[in-house]
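Results of the structural survey
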Amino acid sequence: MRIGVLGTGTMAEGLAGQWARAGHTVFIGGRTPANARALAERIRHGARAGSLREAAGFGEVTLLAVAYEGVSATLEAAGAGEGTLSGRALIDCTNAIVPGRFVLATGGGPGVAERIAAQAVGARVVKGFNLCADSVWRMTPPVFADGPLAVPLCGDDEGALEAVRTLVRDMGCVPLDGGGLERARHLEATAAFLLGFWFAGAEPRAALPPAAAQVPYRVRA
C-alpha cells in the first residue's frame, strides 16, 4: 500500500515506521524539507520525502500526524481544500486536549475528525491510533500480557475503513470498529479521559471488565 504522511513528529515516525517495516511504501511530507528527509532516513525501508502537497497526492492512504494546533494549516498547505486528498483514506490520529486539564479543546462542537472531513474536500476520514503515545506504536508488535492491542476506528466509508484495518493488522494489532465518523468525538473524549488517569499514575484498564461480564448491556444493545 502507498501511504502519504503529513507531519514529521513522533507519531508520524512511530506509525509510518511500522508500516514501512511491514512492506508498505511511505512518503513523508513536511513543512520543512530537511525534517521530512531526516525522518525518511530514520524510517528507512525505501521511505521517501518531499512537501506536504506531494505527500497528500502520493497514495491510497494518507496519515495526518501533527499537533491539533497545526491541523488546519497543514491541511491548507497540503491543498486539502483543493481536493488533493479526494478519494483517499485520511487517517486522523490527532487529539485536541487542553494541556493539564485533560478536556477537549473543541468544547461541545464537532470533533477534530469531523472538522478535518469538512476541510479536506472529498477525503474519506477515519479516526484511529489516537489512544496511545508514539512509544506504543514503536513496539514490534504492540502486544501485552492479555494479547495484541486493539485499535478503535471510526469512519463512514467502508473501503477506507478496510484499508486502515489492514494497516492495523500489519502492525500486529486488532482493529475494533467504533461506528461512524460522528462517533469519533467520543473516541477523542476517551483519549482525554484516559490521559487524566495515566498522568495520575492510575491504571484505567482495571475499570473495564471482560465483555462477557456485561451481558445486560449486550442484550439491551
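Refer to the preceding data block for the structure.
This text gives an overview of the structure that appears in the document. (Residues numbered from 1 in each chain as written. Predicted model: local features only at pLDDT ≥ 70, side-chain atom pairs only at ≥ 80, totals over all residues. Heavy atoms only, no water.)

This next bit is on unusual backbone geometry. Of note, the bond from Thr 140 into Pro 141 is cis; its omega dihedral lies within 30 degrees of zero at -5°. With respect to the helices and strands, the residue Pro 141 is situated in the loop between α6 (134–137) and β7 (143–144). Phi is positive for His 45, which is not a glycine, with a value near 50°. Position of His 45 relative to the elements: it lies in the loop between α2 (33–43) and β3 (48–50). A residue is classified by how much of its surface remains accessible, and His 45, at 42% relative accessible area, is partly exposed. (Helix = DSSP H or I, 4+ residues; strand = E, 2+ residues; numbered from the N terminus. Buried < 20%, exposed > 50% of the residue type's maximum accessible area, 1.4 Å probe, protein only.)

With respect to burial, strand β1 (residues 2–6) is a largely interior element, four of its five residues being buried. Sheet topology note: the β1/strand β2 (residues 25–29) ladder contains five bridges and is parallel. Paired with Arg 2 across the strands is Thr 25, a residue of β2. Bridge count for β1 against strand β4 (residues 61–64) is four bridges, and the pairing is parallel. In the sheet register, Val 5 faces β4, and the bridge partner there is Leu 63. (Pairing = 2+ DSSP bridges.)

Within the largest apolar cluster, 37 residues are counted, with the highest numbers of intra-cluster contacts made by Leu 15, Trp 19, Ile 28, Phe 129 and Trp 137. Beyond its immediate stretch of four places on either side in the chain, Trp 137 contacts Met 11, Gly 14, Leu 15, Gln 18, Phe 129, Cys 132, Leu 149, Val 151, Met 171 and Cys 173. Judged by nonpolar contacts, the second largest core, of 28 residues, contains Ala 80, Leu 85, Ala 96 and Leu 131. (Core = buried A, V, L, I, M, F, W, Y, C linked by side-chain atoms within 4.5 Å. Contact = heavy atoms within 4.5 Å.)

It is worth spelling out the environment of Pro 110 at this point. By the secondary structure assignment, Pro 110 is in the loop between β5 (89–92) and α5 (112–119). Between the C-alpha atom of Pro 110 and that of Ala 184, which follows or precedes it by 74 residues, the distance is 9.5 Å. Beyond its immediate chain neighbours, meaning those up to four positions away, Pro 110 contacts Arg 115 and Arg 185.

Next up on the list: the sheet that holds β3. The strand order across the open sheet formed by eight strands is β3-β2-β1-β4-β5-β6-β9-β10, and the pairing between neighbours is mixed. Each edge of the open sheet is held by one strand with a lone partner, namely β3 and β10 (174–177). Direction aside, the axes of adjacent strands within the sheet are offset by 30° on average. Note: β2 against β3, three bridges, orientation parallel. The partner of Gly 29 across the bridge, within β3, is Gly 50. (Axes fitted to C-alpha atoms, helices over the stretch in contact; angles between N-to-C directions.)

The next thing to look at is the packing of helix α1 (residues 10–21) against α2. Where α1 meets α2, the closest approach of the two axes is 10 Å, and the angle between their N-to-C directions is 45°. Comparing their axes, α2 and α1 come out oblique. Judged by the twist between their axes, the crossing of α1 over α2 is right-handed. For the pair α1 and α2, the contacting residues are Ala 12, Glu 13, Ala 16, Gly 17 and Ala 20 in the first and Leu 39, Arg 42 and Ile 43 in the second. (Parallel < 35°, antiparallel > 145°, perpendicular 65-115°, else oblique. Left-handed = near helix turned anticlockwise from the far one by under 90°.)

Taken together, the buried positions of α2 are occupied by Ala 36, Leu 39, Ala 40 and Ile 43. Considered in projection along α2, the buried side chains sweep an arc of 100° and stay on one side of the axis. Residues of α2 that are buried make contact with α1, β2 and β3. Note on α2: the residue one or two positions beyond its end, Arg 44, has a positive phi of about 60°. (Arc of directions from axis to C-beta.)

Further remarks concern the side chain of Thr 94. With respect to the element layout, Thr 94 can be found in the loop between β5 and α5. Sequence-distant contacts of Thr 94, defined by excluding residues within four places in its chain, comprise Leu 64, Val 66, Val 71, Val 112, Ile 116, Lys 127 and Asn 130.

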